[in-house]
Amino acid sequence: MLTRMDEYFVHQTERPIAEIASDCPDWEEYLYFNIHDRNGAFCAIVGLDVLPNAQYVRSYLLTLHRGKHYAYWYAGPLENWREDLRGGSLSFTIVDPLKTWHLELADEANGIQASLDFHMRCPAYQYRHMRCEDQGQAVLNQSYYTQAGVYGGAFRLGEQVFTDLWGLRSRRWGEAILVRMPF
């Protein structure tokens, strides 16, 4: 299947961009943002995990404020994931690669609504390639980087509105084989 991304000179295999070079069903693309106010009264973790070979997406939003935890979880079929990074009511947009992301977050059941722009504070830090094996078989084979930033916009939790936010984001991709228990 061709997508708009196939117009760009980014191919690394003979396959279209929407097709993963690995046949591993656990191959994934993953992003993660943590969000904090400067006073330590509030924090949130939000992420998106795409498993294209399994045609599956999951997303989550975990929030802590005044000792109370709020959780949103979505899992469902994968759609146009190369251009629309979305899982349920959470969406992520690359505004300026390695510099700015836009996050639209909603958890109606818990009264959470956010429209945030993550702006990098420093260049992304790429970690050494990760590979772990179990009895000669790769169970983790991924690339990973992280980056510090500040957020513009607002995070609303009920009547409380948080601005002047900061945090980290990370990205990883590759194989992460689920360990299957023998029972």
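Colleague: Which residues make up the pairing of strand E8 (residues 112-120), and what values go with them?
Modeller: As judged from the eight bridges shared by strand E7 (residues 100-107) and E8, these two strands associate in the antiparallel manner. By the bridge assignment for E8, Thr-100 is matched with His-119. Here E7 folds back onto E8, and the loop between the two strands holds four residues, one of which, Gly-111, carries a positive phi near 70°. Of the pairings in the sheet, the one linking E8 to strand E11 (residues 137-157) comprises nine bridges and is antiparallel in character. What sits directly across from Phe-118, in E11, is Tyr-151.

Colleague: Tell me about the environment of Ala-54, and please be specific about residues and values.
Modeller: Structurally, the position occupied by Ala-54 is in the loop between strand E2 (42-51) and strand E3 (56-65). Overall, Ala-54 belongs to the partly exposed group, its relative accessible area being 44%. Considering only alpha carbons, one finds Ala-54 and Cys-24, 30 residues apart in sequence, at a separation of 8.9 Å.

Colleague: Requested: an account of the pattern of salt bridges, with residues and values cited.
Modeller: The tally for this structure, following the rule as stated, stands at seven salt bridges. The salt bridge partner of Arg-131 is Glu-133, with a shortest N-O separation of 3.2 Å. Judged by its relative accessible area of 44%, Arg-131 is partly exposed.

Colleague: Talk me through the nonpolar core; I want residue IDs and the actual numbers.
Modeller: Counting 31 residues, the largest nonpolar core has Phe-33, Ile-35, Val-46, Leu-61, Phe-92, Leu-105 and Phe-155 as its most contacted members. Mapped by element, the contributors of at least two residues to this core are strand E1 (27-37), E2, E3, strand E4 (68-77), strand E6 (90-96), E7, E8 and E11. Take this core: its biggest share by element is five residues, from E2.

Colleague: Account for the pairing of E2, naming residues and giving values.
Modeller: Taking burial as the measure, the ten residues of E2 include eight buried ones, the bulk of the element. Note that E1 and E2 share eight bridges and pair antiparallel. Pairing of Ile-35 across the sheet is with Ala-44, part of E2. Joining the antiparallel neighbours E1 and E2 is a turn of four residues, in which Gly-40 adopts a positive phi near 80°. Note: E2 against E3, ten bridges, orientation antiparallel. Counted as the bridge partner of Ala-44 is Thr-63 from E3.

Here is what the cut-offs are and how they apply
Residues numbered from 1 in each chain as written. Predicted model: local features only at pLDDT ≥ 70, side-chain atom pairs only at ≥ 80, totals over all residues. Heavy atoms only, no water. Pairing = 2+ DSSP bridges. Helix = DSSP H or I, 4+ residues; strand = E, 2+ residues; numbered from the N terminus. Buried < 20%, exposed > 50% of the residue type's maximum accessible area, 1.4 Å probe, protein only. Salt bridge = Lys/Arg side-chain N within 4 Å of Asp/Glu carboxyl O. Core = buried A, V, L, I, M, F, W, Y, C linked by side-chain atoms within 4.5 Å.

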